Amino acid sequence: MRRMFWVVATVLIALNVRGSEISQRRAADRQVRAAALKSLPDGVRKAESAYLAGLAATAQWLITLQAKAEASTIVSQIESLDDKYAALADLKKNVAAIPAAVALDETKQKELATRLKTAQKGRATGLADLAATYYRSNLPTIACDLLRQAMDADPDNAAARQALGYVRTGTEWREAYAAQQTQKGNAYVPDVGWVPAAAAERVKKGEWCENGKWLPMDDADKLHAEPARPWIVETQNFTIRSTQSRKDTVAAAERCEGMVQACCHEYANFFLREKRSPQMNFTLSMTKKMQVHLFGQKAEYDATIKRELKSIGAWAGFLSLLPGFYTPISHASYFGPAIPEAFRGVYLNNQIAAQILSEVSGTSASGPKAWIKASVGNSIQAATPDEKGRWLVPAGHKHPAVTKATEMQAQKTLPALATLFPLDDGAFHSPLTPGNPEVAAALGRFLLETHEGAYAVDFLDFVYDSYKGVKNANLSDYIGIDNATLEKEFVEYLKQ
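Since the structure is predicted, the reported quantities are computational estimates derived from the model, not experimental observations.

So, about the overall build of the chain. If you tally the helices and strands in the chain, you get 24 helices and 13 strands. Each principal axis of the C-alpha atoms in the chain carries an extent, and together these give about 85 × 75 × 50 Å. Within the chain, the proportion of its 496 residues that are buried is 46%. Carbon and sulfur atoms form 55% of the exposed surface of the chain, whose accessible area is close to 25400 Å². When the 58 positive and 54 negative side-chain charges of the chain are each reduced to one mean point, those points stand 3 Å apart.

Below is the structure:
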């Protein structure tokens with residue numbers, strides 16, 4: 001008995017020592033990341049130094065040509081990038097001293113375009129090199145942002161394009177799946193998806209070819225509304241089976257891929273946890289495509305739930321009351337026809353994000369605690385595409401969950417985090433406490449954003465381990481602060 005006591009005691013001591021070592025390592029890594037984040041503005045300035053020098057030289061060249069309008073535009077660009085640039089004051093003075101603007105002839109206009117293009121290429125190279133530094137520093141989201149800036153500066157920058165999942169086909173860069181489809185002779189038609197290029201013009205006019213016979217798209221939708229003949233739409237990461245209209249099916253497919261993009265950006269450390277390659281890579285790597293089912297009829301939705309999820313018994317009836325859901329039991333998402341339009345996008349975002357996180361991590365049927373799922377799922381559900389089609393999540397108080405939590409804090413109805421953390425799914429989503437998901441999502445934004453993202457890596461490690469089923473994973477052990485300090489910092493974040 002005494003020997004067993006000493007064995008147990010020795011094991012506990014070893015675990016405590018290991019835990020302490022891990023905490024110390026995390027703290028040291030956090031300090032290194034904090035220093036790297038603090039130096040980011042200087043790093044960007046250095047990366048763009050050659051670009052600024054090129055702009056300054058071009059501005060001076062335009063000044064000698066008396067091209068006041070073009071010189072003013074470039075000087076403004078320099079000022080927007082670095083308002084303390086050494087040559088800026090003299091350039092502004094020289095532009096102002098031009099007595100009368102002179103128009104550039106065609107030859108000089110071409111030379112100006114060449115100068116600017118060369119400068120932008122140098123800028124892109126500098127930003128891509130800086131991105132690689134932050135990727136190696138375990139700050140992939142920063143690296144991804146820098147790569148996007150590099151691609152904007154020079155759309156032909158190979159390092160940025162390849163890291164962000166593009167493939168070169170001829171003289172163009174395309175996303176990997178689009179490149180595959182193009183090589184197969186297909187073309188993408190808005191609201192319809194990929195079709196043989198030879199059929200694209202007729203499809204654009206509202207027709208569809210089914211088994212060699214052309215028919216109106218409305219008739220094709222009626223045909224594929226039959227449960228035995230659903231639309232099947234493939235994307236890079238999903239297979240969508242749908243008895244809804246082709247247009248709605250393709251919109252859902254585009255949203256699914258948008259959520260992959262948003263998740264890979266916001267939660268890069270989660271996805272790279274076990275698959276980090278020496279070369280930058282921000283694309284999702286799945287062994288098989290994720291399955292999504294869209295139903296045009298409620299009866300069909302209910303019948304599928306009973307058939308495919310019969311192992312959960314009475315719970316199948318509860319699921320049929322929901323407008324849609326993802327479940328790791330069948331590794332698929334199911335969406336009925338009755339989702340209100342205003343709610344549809346957000347609801348799909350939420351459940352598709354849950355599917356992505358769960359399928360990538362291989363979570364069990366139970367999954368992590370309710371607040372953890374909400375902190376990442378309800379946070380990412382606010383993602384929308386920007387003008388360039390990139391799916392982004394609003395930051396800070398622009399995020400609806402942060403706005404809601406701030407209102408609750410002002411009204412003194414914000415729940416204490418210590419009471420939120422232990423809740424199971426039923427208690428967390430109780431109608432008596434409807435704000436819990438928003439508070440958890442706001443906390444997720446706080447942990448990703450605060451202190452210039454110093455907690456982000458450790459928080460995502462915690463989330464990943466929770467999805468993987470690590471027992472007794474404690475947030476405080478990962479981020480290095482106790483719940484009381486976390487609560488205080490979170491409230492301060494909401495008050496900003």
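From this point on, the discussion continues.
With mixed pairing, the 5 strands of this open sheet are ordered in space as β7-β8-β9-β11-β10. The open sheet is flanked by β7 (231-234) and β10 (324-327), the only strands paired with a single partner. Ignoring strand direction, the axes of neighbouring strands in this sheet form an average angle of 15°. Bridging between β7 and strand β8 (residues 238-242) involves 4 bridges; their strand directions are antiparallel. Among the inter-strand pairings, Trp231 is bridged to a residue of β8, identified as Ser242. Where helix α14 (residues 298-308) meets the sheet, it contacts β10 and β11 (332-335), and its direction lies at approximately 150° from that of β11.

What follows is about unusual backbone geometry. Unusually for a residue other than glycine, Asp191 sits at a positive phi of about 70°. Locating Asp191 in the fold gives a position in the loop between β3 (186-189) and β4 (193-196). Under the relative-accessibility criterion, Asp191 is labelled partly exposed at 42%. For Lys412, which is not glycine, the phi torsion reads 60° and is therefore positive. When you line up the elements, Lys412 lands in the loop between α18 (400-410) and α19 (417-420). Lys412 sits in the exposed class, given a relative accessible area of 76%.

To continue, consider the packing of helix α3 (residues 49-64) against helix α5 (residues 88-96). Two measures define how a pair of helices packs: the angle their axes make with one another and the distance between the axes. Viewed as axis vectors pointing N to C, α3 and α5 meet at an angle of 20°, and their least axial separation amounts to 10 Å. On the basis of their axis angle, the class for α3 and α5 is roughly parallel. Seen from above, α3 lies across α5 with left-handed handedness. In this structure, α3 contributes Ala56, Ala59, Gln60 and Ile63 to the contact, and α5 contributes Leu91, Asn94 and Val95. Class assignment of the residues belonging to the contact of α3 with α5 gives a composition of 5 nonpolar, 2 polar and no charged.

Conventions we followed
Residues numbered from 1 in each chain as written. Predicted model: local features only at pLDDT ≥ 70, side-chain atom pairs only at ≥ 80, totals over all residues. Heavy atoms only, no water. Helix = DSSP H or I, 4+ residues; strand = E, 2+ residues; numbered from the N terminus. Buried < 20%, exposed > 50% of the residue type's maximum accessible area, 1.4 Å probe, protein only. Areas by Shrake-Rupley, 256 points an atom, 1.4 Å probe, with all protein chains shown as cover. Lys, Arg positive; Asp, Glu negative; His and termini not counted. Charge placed at Lys NZ, Arg CZ, Asp CG, Glu CD. Pairing = 2+ DSSP bridges. Axes fitted to C-alpha atoms, helices over the stretch in contact; angles between N-to-C directions. Contact = heavy atoms within 4.5 Å. Parallel < 35°, antiparallel > 145°, perpendicular 65-115°, else oblique. Left-handed = near helix turned anticlockwise from the far one by under 90°. Nonpolar A, V, L, I, M, F, W, Y, C, P; charged D, E, K, R; others polar.

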